[in-house]
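# Remarks on the overall topology
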Amino acid sequence: MATTLRLKRLAISAFLLVHIAAVVLWNLPACELRRRLDFWTPYYILPLGLGQVWDMFAPEPMKPTMELEAVVDDNQGISHTFSFLHMIDVPPWERFLHVRDSKLTAGMLHPSMRQHRMMLARHVVRSLDLADSDYPLLLEFRYQVRAPAPVGAPADAAPPPPTVHVLARYRFEDPREAQPW
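None of these values were measured; they are calculated from a predicted model.

What follows concerns the pairing of strand β1 (residues 65-73). Pairing of β1 with strand β3 (residues 137-146) involves nine bridges; the strand directions are antiparallel. Across the sheet, the residue bridging to E67 is Q144, located in β3. The pairing of β1 with strand β2 (residues 79-83) spans five bridges and is antiparallel. Within β2, the residue paired with V72 across the bridge is H80.

Put into structure tokens, the structure is as follows:
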């Protein structure tokens, strides 16, 4: 009985140590320590949705709104669009359930999210459920940036047109490349 209790405590302690180390490493500013030790944290932090994008918070949060989509072109030239959730499409009383979706869009922009973008590209390809004969595929992440209305603009004024940017491109030669790991 005592040995079982010790093993449980040891397992809990090991989990807490790994978890705290991952969170601390993830939240360190870009530095040599993070560069050397941060090779494993995206595989733990990102699937759990624990990553933070500090640009979303005060004292100077991002002001434009962004929408993210993935456009996948198959080998026959057919385009398939995968749109991520837009908070404007969610009723106000449900938005708290989707706060991670806005974090995803904002987080994809950060240069350190290269591995996250690749994992998300694989997810998009799997979600589209394309046939093996549709490969190779070209996937392009695009985001639209909409600047906020100028201060003092009438509420019914037309919003400024969005600017479309290409965030990343990926090529999938066959379905095995879209597997999670």
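Now that the structure has been shown, we can carry on.
Let's shift gears to helix α1 (residues 2-27). The end-to-end C-alpha distance of α1, which contains 26 residues, comes to 37 Å, matching closely the 38 Å that a straight helix rising 1.5 Å per residue would cover. All buried positions along α1 are accounted for by A22, L25 and W26.

For the structure shown, the criterion picks out six salt bridges. The residue R35 makes a salt bridge to E32 at a minimum N-O spacing of 2.5 Å. Separated by three residues within a single helix, R35 and E32 lie in helix α2 (residues 32-37), roughly one turn from each other. According to the relative accessible area criterion, E32 is partly exposed, its value standing at 40%. Of the charged contacts, one joins D174 and R176 as a salt bridge, the two residues approaching to 3.1 Å between their closest N and O atoms. Among the ionic contacts, a cluster of salt bridges with common partners joins E32, R35 and R36.

Each value, and the rule that gives it
Residues numbered from 1 in each chain as written. Predicted model: local features only at pLDDT ≥ 70, side-chain atom pairs only at ≥ 80, totals over all residues. Heavy atoms only, no water. Pairing = 2+ DSSP bridges. Helix = DSSP H or I, 4+ residues; strand = E, 2+ residues; numbered from the N terminus. Expected span 1.5 Å × (residues − 1). Buried < 20%, exposed > 50% of the residue type's maximum accessible area, 1.4 Å probe, protein only. Salt bridge = Lys/Arg side-chain N within 4 Å of Asp/Glu carboxyl O.

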